[in-house]
Amino acid sequence: MLDMDFLCLRELLQNHRILLCFNGPISRSLIEEIGFALKNYLEADHARPSATMDVFGAYVELTQNIRHYAASKGYRDTDSAATILVACDEDGAYLIQTGNVVDAADASPLLERIAQLAAMDPIELKHAYKTQLRRPIAHGASSGAGLGLIDIARKARRPLIATQRPLDDGKIFFSLRAIL
Amino acid sequence: MSTSFTLPGTQTTPTIVADWNEGLLQMSGDSYPENSFDFFTGTLDWVESFLKRERRPLRLELRLLYMNTSSVKVMMDIFDLLEDAHKLGQEVSVVWRFDPRNERVELLAEEFREDCTFPFHICAEV
């Protein structure tokens, strides 16, 4: 059985100022519970109300995206797992990074989309947001409004960074990093 | 559906009070349900039937805080219904009250107001 150096893990988390780290299948209630904990951590960390809302908002959009995506693909167990990390630095900036499994065919369009958003200035991002807001949604669509990534890009201090890593079964581990 | 209804708020959904006789819809709290379109269907229908069946004014009083983007999308749909009614001469208005310590809420309300020509007041509440 695994017997890791637990102090080492604790120091790793502390040294990187990691507020929250989660990996596993994520249910709706778990998103709510972790979100509630995150909000409390941020408030205890004396984050400004707007910073708390930005980090919490990015967390909600990213985790709900992962849930919607896994559900639309009929993923089970490990494929539907989300990896979530929230950390802060001395300047009051917050890092939120999430990762999840995606079909190989979906990875490139997603990376392209994020590269497009990363290249936009605030005015272009606002325009993209308003355009998407006005786009009709297919009736009965269970997923979101396609606004989540644009919303995070608008609130981020730096351009979003997405990465992909191939997995043994041909799928891709997709990861997104936002600094807020 | 010429009735009034009250939906108590939860951690992820706002409190909604719809009063047909008063012509008043109030919403307050956080809004980030996983499926916002399902959650707001009843409210959207209520606004639509009020505007269709009544010529009286309709007022919205909002104290919404955090909204996920799908809730924002539905809220835009509600404001679009008000905008259409306003253009047909019906009296509609929105008052959005916010805590001045949180400028994000004010920015959110301001972005909605950009697309509306009916009276839309954003008020800091101390």
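### With respect to the overall build of chain A
Summing up its helical and strand segments, chain A has six helices and five strands in all. Walking chain A from its N terminus toward its C terminus, one meets helices and strands in the order α-β-α-α-β-β-α-α-α-β-β. Taken against the 2.2 N^0.38 rule, which gives 16 Å for 180 residues, the C-alpha radius of gyration of chain A at 17 Å falls within 12% of a compact globule. Dimensions of chain A, computed from the C-alpha atoms along their principal axes, are close to 50 × 40 × 30 Å. Taken over 180 residues, chain A has a buried fraction of 31%.

### Comments concerning helix α3 (residues 103-113) of chain B
All names here are of chain B. Of all the residues in α3, the buried ones are Val105, Leu108 and Ala109. Projected onto a plane normal to the axis of α3, the buried residues spread over an arc of 95 degrees and lie on a single side. Buried residues in α3 make contact with β4 (58-67), β5 (92-98) and β6 (120-124).

### Things to note about the sheet that holds strand β2 (residues 81-88) of chain A
Residue and element names in this part refer to chain A. Strand order in the open sheet made by the five strands is β1-β2-β3-β5-β4, with antiparallel pairing throughout. Only two strands of the sheet have a single partner each, and these edge strands are β1 (18-25) and β4 (161-166). Taking each pair of neighbouring strands and ignoring which way they run, the sheet shows an average axis angle of 10 degrees. The sheet contact formed by strand β3 (residues 94-102) and strand β5 (residues 172-179) spans eight bridges and is antiparallel. Considered in β5, the bridge of Ile96 is made with Ala178.

### Re the nonpolar core
Ranked by internal contacts, the top residues of the largest apolar core, which has 70 residues, are Val55, Phe56, Ala58, Tyr59 and Ile96 of chain A. When residues in this core are grouped by element, the largest group, 10 residues, is from helix α3 (residues 49-73) of chain A. The contacts of Phe56 of chain A, once residues within four sequence positions are left out, are Gly35, Leu38, Lys39 and Leu42 of chain A together with Tyr66 of chain B.

### Some thoughts on the confidence of the model for chain B
Residues and elements named next belong to chain B. For chain B, the mean per-residue pLDDT works out to 95, and 98% of the residues sit at or above 70. Here α3 stands out as the least confident element of chain B, with mean pLDDT 95; strand β2 (residues 15-19) is the most confident, with 98. The complex model carries a pTM of 0.93, and its ipTM stands at 0.92.

### A closer look at the interface of chain A and chain B
The interface is formed by 20 residues belonging to chain A together with 16 residues belonging to chain B. Breaking the side of chain A that touches chain B down by element, the ones donating at least two residues are α2 (28-44), α3 and α6 (148-155) of chain A. No other element matches the 10 residues that α3 of chain A contributes to the side of chain A that touches chain B. Taken together, the residues that form the side of chain A that touches chain B break down as eight nonpolar, six polar and six charged.

Rules of the game
Residues numbered from 1 in each chain as written. Chains lettered and ligands numbered in written order. Predicted model: local features only at pLDDT ≥ 70, side-chain atom pairs only at ≥ 80, totals over all residues. Helix = DSSP H or I, 4+ residues; strand = E, 2+ residues; numbered from the N terminus. Rg over C-alpha atoms; globule rule 2.2 N^0.38 Å. Buried ≥ 20, exposed ≤ 12 C-beta atoms within 10 Å, placed from the backbone. Arc of directions from axis to C-beta. Contact = placed C-beta atoms within 7 Å. Pairing = 2+ DSSP bridges. Axes fitted to C-alpha atoms, helices over the stretch in contact; angles between N-to-C directions. Core = buried A, V, L, I, M, F, W, Y, C linked by C-beta atoms within 7 Å. pLDDT = per-residue confidence, 0-100. Nonpolar A, V, L, I, M, F, W, Y, C, P; charged D, E, K, R; others polar.

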